[in-house]
Amino acid sequence: MILGYAWSNFTVLNLVNVKLTYFPNEPFDLLIRSNKTLSNTLLEEVEKQKIFSNIYYIPMPQIDKRLGIIGKIPKLRFWSYKRNYKNSMERSLDNTIKDQVYDLCITAGFWADTLYVIDHIFKRNRNLKIQLFEEGERSYEEFSSLTVSDTHHSLKEKLISSYMHGKYRRKYLYYLSRELYLYNPSIYEEEKITTKVLPSLTDSNTCCLKILQRSTHLEESHILQYIKKKYIYLAGYIVKGYEDNYGQSYHIINTLMETVGSNNVIIKTHSNSIDHRLHFAEQWNSRVFIDREVYIFEALCSTIALENKVIISRGSSVAMNVKALFNMEPYVILTYRLYPYYHQYGEDTLDGYVERLRKLYTNKEKIFVPNSELEMIKILKALNEKFTSYPYKSTNSR
């Protein structure tokens, strides 16, 4: 028996792909940590297809760090939160998968709540095998990075996390298979890891493609915005130490609108953060179209040709996903070098992402990484002039 564990729209879709490609006839349960950023229509479509033996949902733990004696001490609240989070997860697992015995657990990361799931099922089968599948661009970094979740946490938080998760990480690393399911194994560089190809969502992968198409359910007027406009700003939520407020992101958006016109810009909020999705850039609600809907953004590729759209983001893996899933190559402007964090600490992770993206792209000249605001303005003006001189029919609905 196999258990797949997912917590986002993209991980759910990828587990569908893993199941259909590698385990079409084997009993396979799906466990989803539910939250308000998951697309209900996507989950409904997956259930309708009856791909999995069982689908279980566990809630996102709602923990008040301030409760209890420990919670009243500010410096210990994070520790209290982690402890209560673990207890909440264990109760949820006892109420759902219970004592079901699994031989294989397939998940996208080896950290935090995933370790609690592994610990729960390992107690029922000490011969458990664990495999990882693609979550996004991060999956193409060193394999060891997939066992650490708290990259941008403070030193205090990292120490507490190590205390809470460290023993599980050390214990179960032995059972972690050196296998990885990826859409683009050709750009994966770690030789000791065996990669397994996930097929793109072409016509031959009809089940995944249909699930994606049917799960979007956007109004025609909504889709029309993407057909008409050229520039899509994919917003990222706040990352501690990287951007403690949205000051720089708002400055970049304002520069974008002033350069190409607000009527040619879409802002897509990040669906993995509820507060961000509802309130990001709300000062421009009447000036620019802001897409706050919850769905897999890559699903737009089944409706709209993105090759001659421009995706602007701090470092979103959407560009790689669009190429992997649909073999489309939109223009990409990655803005991470415009943030103070880059100039103080560098950003090897995103520099590596750019290298991998260029390996994937046939037309590498469609990828831009400006080193200054002036350079970004020049790039935008050149693209705008190109679009004005040579309008593309491929922006129409497919």
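To be clear, the structure that these remarks concern was listed above.
Right, let's walk through the structure included here.

1. Digging into the overall build of the chain
Piece 1. What the chain contains, in helices and strands, is 14 helices and 13 strands.
Piece 2. The proportion of buried residues among the 398 residues of the chain is 56%.
Piece 3. In the chain, the proportion of contacts linking residues at least 24 apart, taken out of those at least 6 apart, comes to 73%.
Piece 4. Approximately 18,300 Å² of the chain is accessible, and the part contributed by carbon and sulfur atoms is 48%.

2. A closer look at the packing of helix H1 (residues 9-22) against helix H7 (residues 206-216)
Piece 1. Between H1 and H7, whose axes approach to 10 Å, the crossing angle comes to 160°. Between H1 and H7, the crossing angle belongs to the class labelled roughly antiparallel. Considering how the two elements wind past one another, H1 and H7 form a crossing that is right-handed. Residue-level inspection shows Leu 13, Val 16, Asn 17 and Leu 20 of H1 in contact with H7, the latter providing Cys 207, Cys 208, Ile 211 and Leu 212.
Piece 2. Grouping the constituent residues of the contact of H1 with H7 by class yields seven nonpolar, one polar and no charged.

3. Focus on the sheet that holds strand S11 (residues 310-313)
Piece 1. One open sheet holds the six strands; their spatial order is S10-S9-S8-S11-S12-S13, and the pairing between them is parallel. In this open sheet, the two edge strands, each paired with only one partner strand, are strand S10 (289-291) and strand S13 (367-368).
Piece 2. When strand S8 (residues 231-234) meets S11, the two strands line up parallel, connected through four bridges. Across the sheet, the residue bridging to Tyr 233 is Ile 312, located in S11.
Piece 3. Those strands touched by helix H9 (residues 247-260) are S8, strand S9 (265-268) and S11, and its axis lies near 175° from that of S8.
Piece 4. Packed onto the sheet, helix H14 (residues 373-389) meets S8, S11, strand S12 (331-334) and S13 and runs at close to 165° relative to S12.

4. Re the packing of aromatic side chains
Piece 1. Overall, the coordinates contain 19 aromatic pairs when judged by the stated rule.
Piece 2. Aromatic pair Phe 23 and Phe 28: ring centres 6.0 Å apart, planes at 55°, arrangement tilted.
Piece 3. For Phe 23, a relative accessible area of 10% corresponds to the buried category.
Piece 4. On the basis of an interplanar angle of 80° and a centroid distance of 5.8 Å, the ring pair of Tyr 331 and Phe 387 is categorised as edge-to-face. Note that Tyr 331 is positioned in strand S12 and Phe 387 in helix H14, a separation of 56 residues in sequence. In this structure, Tyr 331 and Phe 387 share a single accessibility class: buried.
Piece 5. Through pairs of rings, three or more aromatic residues link up here, namely Phe 122, Tyr 172, Tyr 174 and Tyr 175.
Piece 6. Taking NZ or CZ as reference, Arg 314 lies 5.9 Å from the ring centre of Tyr 339, over its face.

5. Considering the sheet that holds strand S7 (residues 194-197)
Piece 1. Taken together, the seven strands give an open sheet; going across it, the order is S3-S2-S1-S4-S5-S6-S7, and neighbouring strands pair in parallel fashion. Of all strands in the sheet, those bounded by a partner on one side alone are strand S3 (54-59) and S7. Shown here is a sheet whose adjacent strand axes are inclined to one another by a mean of 25°, direction ignored.
Piece 2. Across four bridges, strand S6 (residues 176-182) lies against S7 in parallel orientation. Among the inter-strand pairings, Leu 182 is bridged to a residue of S7, identified as Val 197.
Piece 3. Of the strands in this sheet, strand S1 (2-6), strand S2 (28-34), strand S4 (104-107), strand S5 (129-133), S6 and S7 touch H1, which is tilted by about 155° from S1.

6. Looking at the layout of surface pockets
Piece 1. What the second largest pocket holds in volume is close to 240 Å³.
Piece 2. Lining the second largest pocket are 13 residues; nearest its centre among them are Tyr 140, Glu 141, Glu 142, Glu 189 and Arg 356.
Piece 3. The class makeup of the residues in the lining of the second largest pocket is three nonpolar, two polar and eight charged.

7. Focus: the pattern of salt bridges
A side chain of one charge can pair with a side chain of the opposite charge if their charged atoms are brought near each other.
Piece 1. In total, this model carries 11 salt bridges according to the counting rule given.
Piece 2. Between Lys 86 and Glu 90 there is a salt bridge, with the nearest N and O atoms lying 2.4 Å from each other. On the criterion of helical spacing, the pair formed by Lys 86 and Glu 90 is a turn pair, its members being four residues apart in helix H4 (residues 77-95).
Piece 3. Residue class for Glu 90 comes out partly exposed when judged on its relative accessible area of 24%.
Piece 4. With a closest N to O distance of 2.7 Å, Lys 323 and Glu 329 form a salt bridge. Summarising the burial analysis for this pair, Lys 323 and Glu 329 share the class buried.
Piece 5. Several salt bridges share partner residues, and in doing so they unite Lys 129, Glu 179 and Lys 196 into one network.

About the thresholds
- Residues numbered from 1 in each chain as written.
- Predicted model: local features only at pLDDT ≥ 70, side-chain atom pairs only at ≥ 80, totals over all residues.
- Heavy atoms only, no water.
- Helix = DSSP H or I, 4+ residues; strand = E, 2+ residues; numbered from the N terminus.
- Buried < 20%, exposed > 50% of the residue type's maximum accessible area, 1.4 Å probe, protein only.
- Contact = heavy atoms within 4.5 Å.
- Areas by Shrake-Rupley, 256 points an atom, 1.4 Å probe, with all protein chains shown as cover.
- Axes fitted to C-alpha atoms, helices over the stretch in contact; angles between N-to-C directions.
- Parallel < 35°, antiparallel > 145°, perpendicular 65-115°, else oblique.
- Left-handed = near helix turned anticlockwise from the far one by under 90°.
- Nonpolar A, V, L, I, M, F, W, Y, C, P; charged D, E, K, R; others polar.
- Pairing = 2+ DSSP bridges.
- Phe/Tyr/Trp six-rings, centres within 6.5 Å; stacked < 30°, edge-to-face > 60°.
- Lys NZ or Arg CZ within 6 Å of the ring centre and 35° of its normal.
- 1 Å grid on protein atoms, 1.4 Å probe; cavity = no way out; pocket = protein on both sides within 12 Å on 5 of 7 lines; lining within 4 Å.
- Points joined across faces, edges and corners; volume = space filled by probe spheres on them.
- Salt bridge = Lys/Arg side-chain N within 4 Å of Asp/Glu carboxyl O.

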